[in-house]
Amino acid sequence: MATPMSKDPVYDFHGKISAGKAVPFGLQHVLAMFVANIAPILIVTGVVHMPAGQVAGLVQAAMIIAGAGSLLQMFPMGPLGSGLPIIMGISFTFVSVFCMIGAKYGYGAILGAALIGGILEGTLGLTARWWRRFIEPVVSATVVTAIGFSLLSIGANSFGGGFGNPHFGDAPYLIVGSITLVSCIVFNILAKSYYKQLSVLFGLVVGYVVSYFFGMVDLSRLASVPLISLPGFMPYPLEFHGDAIVSVFLIFLVSATETLGDTSALVDMGFGRPAKDKEISGSIAVDGYISSLSSLFGCMPITSFSQNVGLIAMTHVVNRKAIASGAVIMILAGLFPGLGVILASLPDAVLGGCTLMMFGSIVVSGVHMLSQCGYSERNMTIVALSLSVGLGFTQTPQIFHIFPPLFKSVFAENCVAVVFLVSMVLSFILPKDKTKAEQQ
């Protein structure tokens, strides 16, 4: 992207910057995703009634694995890794199916299915150069747009106080969320040079301080956590059940679709070009294999985080050292539980005030990609019908009540999966647009 700002090394993936300049950008990424990274663990372990002490251990392992996966994305090893500033974290996509499996078989079955499913997804990623040519640019653009729209409700729920909050929408949450959002906007207007791109961090800090005086910050766990903690290898015995493995693998296909969309959006908005086959392949491969590794440490699958893609789409800061510093902070948060407690104390309303703009940036990224595909009648049919069915049906999940539980777990609550499926089918059955030569 040729802008005057792009001369600053923070807008260059390989740009040389100091640690002092890099860390604030990395911390901004960690704060944007930290709460969402641990929330899936809390939900699933609650279903299987896991003791609080064991849950804390899983949260620590999740931070370390997420940080390691992010570093592998930025510093590839052979075919593994995209070479892009991708931040990874525990995936929300699996929560619904894991709750069903956990209630039926227990937590060990979740880990066993995640181990097999991750290996299959990683292998699928390594073969991306053969199957990616069947995914037209308009399909990728539609998926990115759907990801952005699917996140908007998450931002709004955080703004109001968080999922399941009995006081959701009360004035204190709306005040804190509004102050956070306004702080981001004002900082972006008044700041100079690359400092503008730290507006989210500034908003998070201001919102955190304000929320403290509203009594929303809980640091009580600081007194009870150890100074340092190491994750345990295979803390739970793995179990393998055929129906659990099949259902989880289908969700891994959805996760691969989201990773494809995230990677495409990041490259489009961060680097101003389409994603390469190697980037897509390496990104999905890490998504799968790091999820399998995560299961061996008792954790749930890891995936690329759309929150952080939205942050890059908004700031265009793609410097590897800056984003990698965030991955290092995550690892430190896993090794030093006290740091993790402080980061986890960030209230939902503060996060919601910042993420609204970030998630909107992903929608804009999808629209930008659609404009590059062209507004032909065929493309508009694919986009319109895919988004209508995907967003409309999943907002009314009762429409799937006649389908079996496995089908509902994949499609009823995941608009990205529906949008991808519909757009792929339409791209195959609708006749291609004629070239100018054919029209003549």
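Residues numbered from 1 in each chain as written. Predicted model: local features only at pLDDT ≥ 70, side-chain atom pairs only at ≥ 80, totals over all residues. Heavy atoms only, no water.

Undergrad: Before we go on, may I ask you to explain the overall build of the protein in this structure?
TA: What the protein contains, in helices and strands, is 18 helices and two strands. Its C-alpha radius of gyration of 21 Å places the protein within 12% of the 22 Å reference for a compact globule of 440 residues. Judged by the C-alpha coordinates and their principal axes, the protein covers about 75 × 55 × 45 Å. Every one of the 440 residues in the protein was classed for burial, and the buried ones make up 56%. Restricting the contact set of the protein to residue pairs at least 6 apart, pairs at least 24 apart contribute 82%. The protein carries 20 positive and 19 negative side-chain charges, and their two centres are separated by 10 Å. (Helix = DSSP H or I, 4+ residues; strand = E, 2+ residues; numbered from the N terminus. Rg over C-alpha atoms; globule rule 2.2 N^0.38 Å. Buried < 20%, exposed > 50% of the residue type's maximum accessible area, 1.4 Å probe, protein only. Contact = heavy atoms within 4.5 Å. Lys, Arg positive; Asp, Glu negative; His and termini not counted. Charge placed at Lys NZ, Arg CZ, Asp CG, Glu CD.)

Undergrad: Where do I start with the environment of Gly334 in this structure?
TA: Secondary-structure assignment places Gly334 in helix α12 (residues 320-335). What makes Gly334 buried here is its relative accessible area of 0%. Between the C-alpha atom of Gly334 and that of Asn37, which follows or precedes it by 297 residues, the distance is 12 Å. Excluding residues within four positions of it along the chain, Gly334 makes contact with Gln60, Met63, Ile64 and Ser229.

Undergrad: For this particular structure, what's the right way to read the confidence of the model for the protein?
TA: Should pLDDT be low for a region, the predicted coordinates there are not to be read in detail. When pLDDT is averaged along the protein, the result is 86; 96% of the residues meet or exceed 70. Every residue in residues 435-440 scores below 50 in pLDDT, and together they form two contacts with partners more than four places removed in sequence or on other chains. (pLDDT = per-residue confidence, 0-100.)

Undergrad: Hey, could you run me through the nonpolar core in this one?
TA: Counting residues in hydrophobic clusters, the biggest one holds 129 residues, and the most contacted among them are Ile41, Val44, Phe98, Tyr107, Leu204 and Met330. With twelve residues, helix α1 (residues 19-47) is the largest single contributor of residues to this core. In contact with Val44, other than residues within four places in its own chain, are Val95, Phe98, Cys99, Tyr107, Ile110 and Met300. (Core = buried A, V, L, I, M, F, W, Y, C linked by side-chain atoms within 4.5 Å.)

Undergrad: Just checking my understanding: could you explain helix α14 (residues 348-373) for this structure?
TA: Residues three or four positions apart in an α-helix share a direction because the helix packs 3.6 residues into each turn. The end-to-end C-alpha distance of α14 is 37 Å, a good match for the 38 Å that 26 residues give at a rise of 1.5 Å each. Its axis deflected by about 35° at Thr355, α14 carries its strongest bend there. Looking at the residues trailing α14, positive phi occurs at Gly374, about 95°. (Expected span 1.5 Å × (residues − 1). Bend = angle between axes of the 7 residues up to and from the residue.)

Undergrad: Would you mind showing me how to read the side chain of Glu121 here?
TA: If you trace the backbone, Glu121 turns up in helix α4 (residues 107-126). Buried charged residue Glu121 carries no salt bridge. Nearest counter-charge: Arg132, at 14 Å. A polar atom in the side chain of Glu121 sits 3.3 Å from the backbone nitrogen of Gly288. Beyond its immediate stretch of four places on either side in the chain, Glu121 contacts Phe249, Phe252, Ser255, Ala256, Ile284, Asp287 and Gly288. (Salt bridge = Lys/Arg side-chain N within 4 Å of Asp/Glu carboxyl O. Polar contact = N/O pair within 3.5 Å; in protein donor to acceptor, adjacent residues only side chain to side chain.)

Undergrad: Looking at this structure, how should I read the packing of helix α6 (residues 137-159) against helix α17 (residues 415-429)?
TA: Any two packed helices are characterised by the angle at which their axes cross and by the distance between the axes. Where α6 meets α17, the axes come as close as 9 Å, and the angle between the chain directions of the two elements is 160°. Considering the angle they form, α6 stands roughly antiparallel to α17. In the packing of α6 onto α17, the handedness of the crossing is right-handed. Facing α6, whose interface residues are Val139, Thr142, Val143, Ala146, Ile147 and Ser150, α17 presents Cys415, Val416, Val419, Phe420, Ser423, Met424 and Ser427. A breakdown of the residues in the contact of α6 with α17 according to their chemical character gives nine nonpolar, four polar and no charged. (Axes fitted to C-alpha atoms, helices over the stretch in contact; angles between N-to-C directions. Parallel < 35°, antiparallel > 145°, perpendicular 65-115°, else oblique. Left-handed = near helix turned anticlockwise from the far one by under 90°. Nonpolar A, V, L, I, M, F, W, Y, C, P; charged D, E, K, R; others polar.)

Undergrad: Where do I start with the pattern of salt bridges in this structure?
TA: It is possible for side chains bearing opposite charge to pair when their charged atoms get close. Per the stated rule, a full pass over the model turns up six salt bridges. The partner of Asp243 in a salt bridge is Lys104, and the shortest N-O contact between them spans 3.0 Å. One end of the pair, Asp243, is in helix α9 (residues 242-271); the other, Lys104, is in helix α3 (residues 95-105), with 139 residues separating them in the sequence. For Asp243, a relative accessible area of 38% puts it in the partly exposed group.

Undergrad: Before we go on, may I ask you to explain the packing of α3 against α4 in this structure?
TA: The N-to-C vectors of α3 and α4 enclose an angle of 130°; their axes lie 7 Å apart at closest approach. Comparing their axes, α4 and α3 come out oblique. Along the contact surface, α3 presents Phe98, Ile101, Gly102 and Tyr105, while α4 presents Ala109, Ile110 and Ala114. Broken down by class, the residue content of the contact of α3 with α4 amounts to six nonpolar, one polar and no charged.

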